[in-house]
Amino acid sequence: MTDFLVATSSVHVTAAAADYLQGRLDPTTDEVVVVAVREPDAPGRDAGDAANVARSRLAAVMPTTETAEGEPTEELLAAVSEHDPDEVIVGPNRGVEGATGLGSTAQSLLSDVDRPIVVVPLPNL
């Protein structure tokens, strides 16, 4: 059994995480928690849409979805502490048009979390 936490704020990150998980999940034993963070400066629908993509694309494992509001790094570190996943999956950045490189949230998770962090590649936006 493996517990995964998907950290997201956009449909693009969620879709990339779902693509990564598709061949790795055992729907009889694995669990997925998707934490969509609504950032203060992001469009209001992004986090909700990201959670909807997770429910659709990962339906075989019936993921738990949560939407948090606030500073992404703080919210995601709290989610990791609360859910204690075996692996955290994150996009390199917000996954929105114009975002490039490794963002500050992904960098913080890579340096502050004591378990495997998988950074999934995103399509060029």
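If you're wondering where the values come from, they're calculated on a predicted model, not measured in any experiment. (Residues numbered from 1 in each chain as written. Predicted model: local features only at pLDDT ≥ 70, side-chain atom pairs only at ≥ 80, totals over all residues. Heavy atoms only, no water.)

### Points about the overall build of the chain
- Summing up its helical and strand segments, the chain has four helices and five strands in all.
- Computed over the C-alpha atoms, the radius of gyration of the chain is 13 Å, within 12% of the 14 Å expected from 2.2 N^0.38 for a compact globule of 125 residues.
- Its C-alpha atoms give the chain principal-axis dimensions of about 40 × 30 × 25 Å.
- The buried share of the chain, reckoned over its 125 residues, is 46%.
- At a minimum sequence separation of 6, the contacts of the chain that also span at least 24 residues come to 79%.
- When the accessible surface of the chain is summed, it comes to about 6300 Å², and 48% of that surface belongs to carbon and sulfur atoms.
- Looking at charge distribution, the chain has the averaged site of its 7 positive side-chain charges lying 7 Å from that of its 21 negative ones. (Helix = DSSP H or I, 4+ residues; strand = E, 2+ residues; numbered from the N terminus. Rg over C-alpha atoms; globule rule 2.2 N^0.38 Å. Buried < 20%, exposed > 50% of the residue type's maximum accessible area, 1.4 Å probe, protein only. Contact = heavy atoms within 4.5 Å. Areas by Shrake-Rupley, 256 points an atom, 1.4 Å probe, with all protein chains shown as cover. Lys, Arg positive; Asp, Glu negative; His and termini not counted. Charge placed at Lys NZ, Arg CZ, Asp CG, Glu CD.)

### Concerning the pattern of salt bridges
- If you walk through the whole model with that rule in mind, you get four salt bridges.
- The salt bridge partner of arginine 115 is aspartate 84, with a shortest N-O separation of 2.8 Å. Taken as a pair, arginine 115 in the loop between helix H4 (104-112) and strand E5 (117-119) and aspartate 84 in the loop between helix H3 (72-83) and strand E4 (87-90) lie far apart in primary sequence, 31 residues in all.
- Looking at arginine 115, the relative accessible area reads 19%, which means it is buried.
- Note that arginine 115 and aspartate 114 form a salt bridge whose closest N and O atoms lie 2.9 Å from each other.
- Taking the relative accessible area as the measure of exposure, aspartate 114 reaches 66% and is therefore exposed.
- Via salt bridges that share partners, Asp84, Asp114 and Arg115 belong to a single interconnected network. (Salt bridge = Lys/Arg side-chain N within 4 Å of Asp/Glu carboxyl O.)

### With respect to the side chain of asparagine 93
- Relative to the helices and strands, asparagine 93 is located in the loop between E4 and H4.
- A polar side-chain atom of asparagine 93 sits 2.9 Å from the main-chain carbonyl oxygen of glycine 101.
- If we ignore the near neighbours within four places in the chain, the residues touching asparagine 93 are Val13, Ala99, Thr100, Gly101, Gly103 and Leu122. (Polar contact = N/O pair within 3.5 Å; in protein donor to acceptor, adjacent residues only side chain to side chain.)

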